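Working through the structure, step by step
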Amino acid sequence: MTSSADDIDGVDRADTARSSERDDLLDFPGADELVAAGAVAPPAPERVTAVREVLALLAEREAERTHASAHALVVSGPSARRGRPEAALAPPEDTLVVIGGARRPGAPHRRVSRRRRVLIAGAAVAALAAGAVAYPVLDLGGKPASTASPASRFLKEMAEVSEDAPGTRAPYWRVTAVTVTGGKPREETWWADREGRTWRVDKNGKAYQWENHASWRVGDRRLTWPDLDELPTDPDALTAHFPEDAEARFFQIVNLLDESPASPALRSALFQVVAELPGVELEPGVKDSRGRSGTAVTIPTKVLWHSVDGGEPTVVWHTARSIIDPSTGWILESSGTALGENRVTVLTAGPADLIG
């Protein structure tokens, strides 16, 4: 027969286990407010919408990361350049990125852990149950859900992804892209060096200098690789270098993000600048012209058509669209219209030790 002392000890252990389990379940931001709220009146519809927006964004991000990780592919050395013999890249992290199916060179997978998802979801539910007026979007952009648009939150997350990527010490930056103008595609490969020069390779495999191609417009200037390293990486300071017009600023920054050798810190700041632009919208779950999955950000663009008889110009609105790989922060494809008649598709971008 079990002694009374043993029974008491067993009860104490069970109570301790239940208490520990309860503490674990309530270990999230806002738990105290949830308990203190007790029974409360049903929340207002706009509050439910705000919390649903947070949880939907979490689910979307996790699905995108899972899909990207399942199809990850990183190619380096000869296989990245159609089998031509080339030296391996010296630093281990300096790997040529195959845009759309790969991580940034050496970048860790950025998955939202189950623990973190529970924390954020728990905080949102606690805010809802306690009747909170403003709902903080924890680690998803830093603004209340009522003011931070889905596009803004996504772009700020891309800023974090970009900042986590390693830099490069390689002497060259290699890009292969397909440009489509008027429905006619043209594939080009070029190399930029740290002296501000641009190189191409002729059909015989000989490198030659390609004048003034690898430069990017920032405000009224065109900057080369060494010039980019001089730009500030504070978002507020960086904003001052770009046009005030939202459309012009969007195009200049996208051009930097899709092909340039901007440092991880600069890429992060560029994403943060775009996140503050008015009119930017989000289109999750899209594919580029190569069938690669990503998330698109769009902005309306105005085109003036002038009549031949000198009358008033006609305003035609288009939608500029850039598709981003959410696992790497790299832009897969940019187009000036929603149909993508004129577009730039980046196939590879990354550091290289040699030209050719």
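Because the structure is a prediction, the values reported are computed rather than measured. (Residues numbered from 1 in each chain as written. Predicted model: local features only at pLDDT ≥ 70, side-chain atom pairs only at ≥ 80, totals over all residues. Heavy atoms only, no water.)

Thoughts on the packing of aromatic side chains
Overall, the coordinates contain 4 aromatic pairs when judged by the stated rule. For the ring pair Trp173 and Trp330, a centre distance of 6.1 Å and an interplane angle of 25 degrees mean the geometry is stacked. Within this pair, whereas Trp173 is found in strand 2 (residues 172-181), its partner Trp330 is found in the loop between strand 10 (314-324) and strand 11 (331-335), the two being separated by 157 residues in sequence. Grouping residues by exposure puts Trp173 and Trp330 together as buried. Aromatic side chains Trp190 and Trp216 sit 6.3 Å apart centroid to centroid with 50 degrees between the ring planes, which places their arrangement in the tilted category. Placement of Trp190 in strand 3 (residues 184-193) and of Trp216 in strand 6 (residues 216-218) is noted, with a sequence separation of 26 residues between them. There is no split in this pair, since Trp190 and Trp216 are both buried. (Phe/Tyr/Trp six-rings, centres within 6.5 Å; stacked < 30°, edge-to-face > 60°. Helix = DSSP H or I, 4+ residues; strand = E, 2+ residues; numbered from the N terminus. Buried < 20%, exposed > 50% of the residue type's maximum accessible area, 1.4 Å probe, protein only.)

Some points on the side chain of Asp258
Tracing the backbone through its elements, the reader meets Asp258 in helix 8 (residues 246-259). In this structure Asp258 touches Trp330, Ile331, Ser334 and Val346, once residues within four positions along its chain are discounted. (Contact = heavy atoms within 4.5 Å.)

Considerations on the nonpolar core
Most often, soluble globular proteins have nonpolar side chains that are buried together. If you look at the biggest cluster of nonpolar residues, it comprises 46 residues, and the most contacted ones within it are Leu155, Leu238, Phe250, Leu270, Val280, Val297 and Ile324. Counting residues per element, this core draws most heavily on helix 9 (residues 264-275), at 7 residues. In contact with Val297, not counting residues within four places along its chain, are Phe154, Leu155, Phe250, Val280, Glu281, Leu282, Ala320, Arg321, Ser322 and Ile324. (Core = buried A, V, L, I, M, F, W, Y, C linked by side-chain atoms within 4.5 Å.)

Focus on the packing of helix 5 (residues 150-164) against helix 9
Contact pair helix 5 / helix 9: the axes reach a minimum separation of 8 Å and the direction vectors enclose 175 degrees. Between helix 5 and helix 9, the angle falls in the class roughly antiparallel. Residues Ser152, Leu155, Lys156, Met158, Ala159, Ser162 and Glu163 of helix 5 form the contact with helix 9, whose participating residues are Pro264, Arg267, Ser268, Phe271, Gln272, Val274 and Ala275. In the contact of helix 5 with helix 9, the residues fall into 7 nonpolar, 4 polar and 3 charged. (Axes fitted to C-alpha atoms, helices over the stretch in contact; angles between N-to-C directions. Parallel < 35°, antiparallel > 145°, perpendicular 65-115°, else oblique. Nonpolar A, V, L, I, M, F, W, Y, C, P; charged D, E, K, R; others polar.)

Overview of the pattern of salt bridges
Inspection of the entire model under this criterion finds 6 salt bridges. Between Arg197 and Asp193 there is a salt bridge, and its shortest N-O distance comes to 2.8 Å. What makes Arg197 partly exposed here is its relative accessible area of 35%. Residue classification places Asp193 among the buried residues on the basis of a relative accessible area of 4%. In this structure, Glu333 and Arg343 form a salt bridge, with 3.8 Å as the shortest nitrogen-oxygen distance. (Salt bridge = Lys/Arg side-chain N within 4 Å of Asp/Glu carboxyl O.)

Structural notes on the pairing of strand 3
Pairing geometry for strand 2 and strand 3, over 10 bridges, is antiparallel. Bridge pairing links Ala177 to Glu188 in strand 3. Linking two consecutive strands that pair antiparallel, namely strand 2 and strand 3, is a turn of 2 residues; a positive phi of about 60 degrees is found at Gly182 within it. Note: strand 3 against strand 4 (residues 198-201), 2 bridges, orientation antiparallel. Each residue of the ladder has a partner; that of Ala192, found in strand 4, is Thr198. Between strand 3 and strand 4, which pair antiparallel in sequence order, lie 4 residues; one of them, Gly196, sits at a positive phi of approximately 90 degrees. (Pairing = 2+ DSSP bridges.)

Thoughts on helix 8
If you check helix 8, its first and last C-alpha atoms are 21 Å apart, about what 14 residues at 1.5 Å a residue would give, namely 20 Å. Burial within helix 8 is extensive, with 10 of its 14 residues counted as buried. Residues Ala246, Arg249, Phe250, Gln252, Ile253, Val254, Leu256, Leu257, Asp258 and Glu259 constitute the buried set of helix 8. Taking the backbone nitrogen of Glu247 as reference, a side-chain oxygen 3.2 Å away marks Asp245 as the first, capping residue of helix 8. (Expected span 1.5 Å × (residues − 1). Polar contact = N/O pair within 3.5 Å; in protein donor to acceptor, adjacent residues only side chain to side chain.)

What about the environment of Val175?
Inspection of the secondary structure puts Val175 in strand 2. Of the residues examined, Val175 reaches a relative accessible area of 0% and is grouped as buried. Note: C-alpha distance between Val175 and Val346 (171 residues apart in sequence) is 7.6 Å. Discounting residues that sit within four places of it in the chain, Val175 has contacts with Glu188, Thr189, Trp190, Glu259, Thr348 and Ala349.

Some points on the confidence of the model for the protein
Across the protein, the average pLDDT comes to 73, with 54% of residues at or above 70. Ranking the elements of the protein by mean pLDDT puts helix 4 (residues 114-129) last with 47 and helix 9 first with 98. This stretch, residues 68-95, has a pLDDT under 50; its non-local contacts, to residues over four places away or in other chains, come to 56 contacts. In this model residues 101-120 is a low-confidence stretch, pLDDT under 50, and it forms 55 contacts with partners more than four residues away in sequence or in other chains. (pLDDT = per-residue confidence, 0-100.)

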